[in-house]
Amino acid sequence: MFETIEKLPDDPILGLLAAYRSDNNPNKIDLSVGVYKDETGNTPIFDAVKKAETQKLENEITKTYTGIEGDPVFCDAIQRLVLGDDHNVILEKRSAAISAPGGSGALRVAGEVINSVNPDACLWVSIPSWPNHTPLLGTAGLTVKDYSYYDGENHVIKTDEMLSQISKLGKDDILLLHGCCHNPSGADLEMDHWKEITRLAQQNGFTPFVDCAYQGLGKGLDEDAEGLRYMASQLPEMIIAYSCSKNFGLYRDRVGSTIIITENASAAEAAQTHMKSVARRLYSVPPAHGAIIVGIILGDEELKTSWKNELNEMQHRINDLRTLFTGSVKNKVSSHDFSFIKSQYGMFSIMGLSLEQVSRLRDEFSIYMVNNSRVNIAGISPTNVEYLTDSIATVL
Ligand SMILES: Cc1ncc(COP(=O)(O)O)c(C=O)c1O
């Protein structure tokens with residue numbers, strides 16, 4: 001069967017990381033892969049995670065399977081984290097959650113459930129979006145189409161075009177939105193956008209599907225969920241795919257959650273049986289370690305406060321780096337205005353450089369970014385920013 005099998009190309013972003021690692025230039029900078037990094041370039045483990053892991057180690061008495069839905073403490077805590085304890089959806093028990101293998105697993109479970117309950121469903125993905133959205137959800141059987149989102153020349157959301165397209169969606173359409181920290185653009189929906197999209201969903205019956213992979217890394221834990229909380233408070237149905245990879249730093253432990261909001265509590269219970277049925281045939285039961293850690297942290301006031309503080313520091317550091325970069329590049333480049341970087345949120349922005357300029361930065365200066373000039377802001381630091389902006393000035 002495999003006699004004539006041919007190699008597939010490397011994943012483009014992970015391929016960049018490999019090239020960065022083998023680069024001997026002492027000034028090299030990695031702005032490619034989407035993981036948080038501290039000033040030393042390390043992706044740290046949260047203190048609260050370490051402490052929760054110690055607790056878990058001491059108290060764990062079995063490694064037997066969890067239920068298909070995963071750890072129930074985690075499932076409850078994650079819904080409260082994203083929606084807020086006093087949200088009407090929580091009080092009315094109109095949502096159901098399962099623990100999934102990361103945000104990717106959560107997206108896939110949601111995609112499979114959508115496809116099984118409505119094989120005619122069409123999923124609308126922003127241009128641009130996280131590059132894995134389309135392959136991951138398209139192979140769940142959904143038809144995938146694009147809607148206009150970001151104007152890369154003027155570095156703003158294409159509000160009119162986007163809303164005009166969304167206004168044409170109907171009951172078989174699923175609108176994929178980024179809860180916050182839009183990947184790759186960093187251009188987040190404002191409250192007015194959330195309100196108008198909600199009004200259109202009420203009017204035309206499409207279902208919003210919110211990918212929430214960066215809660216707490218944009219403006220703050222509650223602020224980053226404001227739009228989706230508003231939407232959930234107004235609409236009968238909504239889907240959320242949640243990732244704990246970035247905001248708990250649990251990347252490799254694979255922690256995420258699919259949350260389905262329905263019109264009433266019994267529909268939510270039914271939705272959970274569908275999520276479990278999908279999970280059973282995809283991977284049987286989810287990994288438990290990271291989900292238990294998140295459950296411990298969110299259930300312990302001291303650990304929760306410590307986690308929030310650390311997340312807050314990360315968020316502030318990213319915003320400070322945005323200001324640092326903008327200030328540094330401003331004095332060196334007059335042909336381009338990079339001030340938009342300061343007004344965007346989360347780890348990513350698209351610099352607006354050509355492929356040729358991106359290639360020169362990589363080949364001549366060992367500065368690595370994705371071909372569309374998406375950068376991970378967390379890869380910038382006070383020690384490399386001058387080299388980075390000097391190099392950008394040279395290629396411009
Ligand atoms: C927008 C978006 N959604 C989902 C994910 C998937 O996250 P996870 O690593 O938890 O699967 C990512 C990861 O980068 C992302 O950027």
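These numbers come from a predicted model, not from an experiment.

## Observations concerning the pairing of strand E3 (residues 122–127)
Part 1 of the argument: Examined bridge by bridge, E3 and strand E4 (residues 143–148) share six bridges and lie parallel to one another. Counterpart to Trp124 in the pairing with E4 is Lys145.
Part 2 of the argument: Taken together, E3, helix H6 (residues 133–138) and E4 form a β-α-β motif whose crossover is right-handed.

## Examining the domain arrangement of the protein chain
Part 1 of the argument: Domains assigned within the protein chain are domain 1 (12–45 + 303–395) and domain 2 (65–299).
Part 2 of the argument: Taken over C-alpha atoms, the centre of domain 1 sits 27 Å from the centre of domain 2.
Part 3 of the argument: Each partner contributes to the interface: domain 1 provides 25 residues, whereas domain 2 provides 24 residues.
Part 4 of the argument: Residue assignment for the side of domain 1 that touches domain 2 shows that the elements contributing at least two residues are helix H12 (301–330) and strand E11 (348–350).
Part 5 of the argument: The leading source of residues in the side of domain 1 that touches domain 2 is H12, at eight residues.

## Concerning the sheet that holds strand E8 (residues 207–212)
Part 1 of the argument: In spatial order, the strands read E2-E10-E9-E8-E7-E3-E4; together these seven strands make up an open sheet with mixed pairing. Because the sheet does not close on itself, it has two edges, and the strands there are strand E2 (95–100) and E4. With direction set aside, neighbouring strand axes in the sheet form an average angle of 20°.
Part 2 of the argument: Sheet analysis places E3 next to strand E7 (residues 173–178), joined by three bridges and oriented parallel. Looking across to E7, one finds that Cys122 is bridged to Asp173.
Part 3 of the argument: Contacts from helix H3 (residues 72–83) reach E2, E8, strand E9 (238–243) and strand E10 (256–261), with the element oriented near 115° to E2.

## Describing the site of the ligand
Part 1 of the argument: Every residue close to the ligand is listed here: Gly34, Gly102, Gly103, Ser104, Trp130, His178, Asn183, Asp211, Ala213, Ser243, Ser245 and Gly256.
Part 2 of the argument: Sorting elements by how many residues they give to the shell around the ligand places helix H5 (residues 102–117) first, with three residues.
Part 3 of the argument: Of the residues that constitute the shell around the ligand, the class distribution is two nonpolar, nine polar and one charged.

What counts and what doesn't
Residues numbered from 1 in each chain as written. Predicted model: local features only at pLDDT ≥ 70, side-chain atom pairs only at ≥ 80, totals over all residues. Pairing = 2+ DSSP bridges. Helix = DSSP H or I, 4+ residues; strand = E, 2+ residues; numbered from the N terminus. Right-handed = clockwise from strand over helix to strand, strands pointing away. Domains from an automatic or database assignment. Contact = placed C-beta atoms within 7 Å. Axes fitted to C-alpha atoms, helices over the stretch in contact; angles between N-to-C directions. Near = placed C-beta within 6 Å. Nonpolar A, V, L, I, M, F, W, Y, C, P; charged D, E, K, R; others polar.

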